[in-house]
Each structure stands twice: as structure tokens, then as C-alpha cells.
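Descriptive analysis of the structure
Residue strings, one per chain:
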Amino acid sequence: MITFLISIALLVAAYFVYGKFIERRFGADPKIKTPVQRLEDGVDYKEIKPWRAFVIQFLNIAGLGPIFGAVLGAAYGPAAYLWIVLGCIFMGAVHDYFSGMLSMRHDGMSLPDMVGRYLGKAVKHVLLFFVSIMLLAVGVSFVVGPADLLSTLTSWPKEVWLYIVFAYYLLATLLPIDKIIGTIYPYMGAALLFMAVGVGGMMIVKAFSGELAMPELTLHSLKNYHADPENNVLVPMLFIVISCGAISGFHSTQSPLIARCIANERHGRLIFYGAMICEGIVAMIWASAAMSYFGGPEGLNAAATEGIMIDGVLTKVTPAIAVDLICRSWLGKVGAVIAIIGVIVCPITSGDTAFRSLRLTLADGLKYGQKPLVNRLIVAIPVFVVAFIMCKVEFSTIWNYVGIGNQVLAMTVLWAGAAYLVRNGKSHFILSIPAAFLTFVCVSYFLIAPYASGGLDLKPVAGYVAGIVAALALFVWRIVSARKVYCGMNL
């Protein structure tokens, strides 16, 4: 329990300490007119109150990621705590803040255009394709998942629920951001936070009473507990399994949505850095809850591989089942309802904004204004036609690449943020060091991960060497090119 409490305290403290440092280093200025003050169109550029924008950003980036990803990551043991805390504070929250604030500085620009300004047109074009595919993948996945669950819970066929979810997504994609997303998200956010706080609170109470033991992070426990360690190497697999809650490139595709709705740059720390800190706290709660409920990472792995008896049936525990068991056991009937709401609502709140972000990304790439409804329809309808077709085919293979795609995107955004700092004559290390680390993670993952997970299944040493070489090469290039820029500025 000591590790858990210290971790939560560090995350909260980081918002007030490191968050302010990052805000100063970026140069947030309340005097600068934001995009919504200059370009308001009542659709995508629409002012939203800071607290509401915070909730929307939190749900946009959260979804089921910090819950299911944390449960899966807990299989590796207490090392997951270290990655969530350090990753969230020094990488994820910084990544989210810079992606949101850079978008604000450039008229609410979508991610590919924004990154292209700092890393070149070639990167912009590649990223436009990459981001579009990833957003489509996320959107489709968060149509199929809720539809499957709703079909199981009701007597309605899956196809009916697909039409209903798609209809909602289309409305959320087309209507002004304050009409659906800005109206219902606060309630959805309250449910997600209540579930996390309730689970965390009950876990602490049970730990104090001696009903359960919360795993601690020690030198002895800093090892790989996964049931299949050969195919799930701690480094780099843990850094891919837990993305939301530590750092996720998907977040940078969502930040421009809110960057177009903020009236003061000073609100950026609350909305971008703060939402990521909240996600880290949620991830910490669920990683700890998963290990604690099943008697440690060994018990969690056994439940996932060998199964446990549930209502007289031997069942292998998936993240969804783990969440349901924990909520029902610790929060009673209310918890069961919240668990159902969570595993349905959370993916929907990421799916709708994934499609909305895709519309804006494509429109920005085509330089096609989105104020007229007919323009929004022209971009959105083909997207939804393709998405509907993809719902009819096996999607698990594509999804295997979403995790690593997240981190490749995050790595690219970090390098772009470092370039922004260099151009403005500022030290780039707060971004280039995390970018170099994530470069190592991505390169080593591509080489080490099994074929089924999108890797080449090589020996770990080959992946580590290649990852280190790639990270050092980019890091040295950043230092050398920065010195040339600084010298040109006579700094």
C-alpha cells in the first residue's frame, strides 16, 4: 500500500510542480488570442468552459485504455507502477501538453500539419496517412466492442447495435462540439471517476483491515511476472501494453479538438497536463486493483491463463471480466452497474472523438473548410462507409498494430516538440530525452515482439542494440542541429 499511496502523491504533486515548470518552458501567455477567439465558427471552434474542456479531454484520451491496459500491464508485476508514474509525469503529460498547446499556437491545427511544421513536409504526408489509419482503427474497434457487449446484455442482434452506435458517432462527428460531446461528457466523466475513486477507496480500506495485500515495488519485485515471459519481455513490451496511463500518441490526435475551444493559454495546464495526470491515477488504481484482487501478479496471471470458477464455470479472466469482478465484489450492485456503464461508455467516448478527429484531420489535409454542414458530410460519409465495411471483417490483426502505432506517434510528437523548443531558443532536453527513450522502445519492440504482435521475433539483444543505436543517433542529431540553431541566434 505504501507504493500505491506514494505513487498517487507523486502524480498529484507533479501537476503543481513539474506541470508549472513545463508551462513556463513552453511559454504559455494569457495575452495571446487563442484560435477560438479569432476563428469561432460555432461548430469546431466553440468556446468551452475550462472545467468542461478538462472533462472532455479526459474522456477523449481515457476510454478503456487506462483500465484494460493497466490490467494487462499488471501481469508484468509492480514494475508497472514505475512506468505509470514516471511515464505519466515526464512523458505522457508533457506530450499531451505540448501537442495541445502547439495546436493552439497554430490555429487549432490537426496533428499531421502541426508536426509537419517542425519535422518537414515528408513527415507531414506520412503522418497524415498513419494518423488516418490509426483513428479509423480505433473508431472501428470502439464500435464493435460496445456493440458486442450490448448484444450480449440484451436480446437485440449485434447488427442493430452497430447501426445505433454508428448513428450516434455520425451525430457526434457532425454536430457542433458543444451539442453532444460538450453536453453528455461531464456525466460520463463522473461515472468513470466515481468507478476509479470507489475502487481505489475500497482497496485502501481492505488493505488497512488486512483483507488483502497490495503489492509493493521493491528491488526483489522489479522483475517480469508475466505467465509467458519469453513472448512478453518486460522491456519493451510493458511500455507498449500500458500506453494510456503513461504515454499514448492517440492523445495527440485528440488534443486539437479541445485546442480549438480554449479561451486562455493558462488553461492548458489543467486541460492537457492535468487530464493526463488524472489518467495516470486511474491507471495506477486499476493496475494495483488487478494485482491485489487476485492475490498478486502471480494470481492474476493464473486467472488469465488457467481460469477461475465464476458461477460454476471455469473462466479465463480477461480485462473486462476482471473489471466486472472487482466492481461487483468491492462496490456491490452499484459497482456492477458502473462496471457495465464503464465498459460500454468509455470506449464510446473515445470512438466518437476518434471519428471527429479523423474528419478534422482529413479536412485540414485537404484544406477543406468544415463550417457548412454539407462540407462535413462530404468528408464524414466516406469515412463511415469504410468503417462500416471494416466492421464486417476480422479486425484483430489490425488491432495488434495499434499499440505500437500509439507509441510511434507519441515518439514523433515528442521530437516535433523538441524542434519547437529549439526554434524558440530554448533547451530541448525535457522532450528530446523522452523522445529518445521512446525511440529505443519502438525500435526494440519491432525487432523483439512476436509476429502476432507486429514484431520480427528476434533475440532481445538484437532489439536492444538496434534500439540504443537509433535512440542515440536521433538524440545526437538533435543536439548537433540545436547548437547550429542556437549559434545562429547568437545564444
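Every value quoted in this text rests on a predicted model; they were computed, and no experiment measured them.

1. Some points on the pattern of salt bridges
Scanning the entire structure with this criterion turns up ten salt bridges. A salt bridge links Arg-38 to Asp-107, with the nearest nitrogen and oxygen atoms 2.9 Å apart. Here the residue Arg-38 occupies a position in helix α3 (residues 35-39), and Asp-107 occupies one in the loop between α6 (79-105) and α7 (111-119), the gap between them amounting to 69 residues. Residue Glu-265 is joined to Arg-105 by a salt bridge in which the shortest nitrogen-to-oxygen separation is 2.7 Å. Highlighted residues: Glu-265 in the loop between α12 (250-259) and α13 (268-293) and Arg-105 in helix α6, separated in sequence by 160 residues. Here Arg-105 falls in the partly exposed class, since its relative accessible area comes to 24%. Each member of the salt-bridge network shares a partner with another, and the members are Glu-23, Arg-266 and Arg-269.

2. Regarding unusual backbone geometry
Look at the link from Val-235 to Pro-236: it is a cis peptide, with omega at 20°. Within the element layout of this structure, Pro-236 appears in helix α11 (residues 234-241). Positive phi is not limited to glycine here, since Asp-107 has a value of about 60°. A positive phi angle, close to 60°, is found at Asp-457, a residue other than glycine. As for its placement among the helices and strands, Asp-457 is situated in the loop between α19 (429-448) and α20 (460-488). Assessed through its relative accessible area of 38%, Asp-457 is described here as partly exposed.

What counts and how
Residues numbered from 1 in each chain as written. Predicted model: local features only at pLDDT ≥ 70, side-chain atom pairs only at ≥ 80, totals over all residues. Heavy atoms only, no water. Salt bridge = Lys/Arg side-chain N within 4 Å of Asp/Glu carboxyl O. Helix = DSSP H or I, 4+ residues; strand = E, 2+ residues; numbered from the N terminus. Buried < 20%, exposed > 50% of the residue type's maximum accessible area, 1.4 Å probe, protein only.

Shape is all these values report; function is a separate question.
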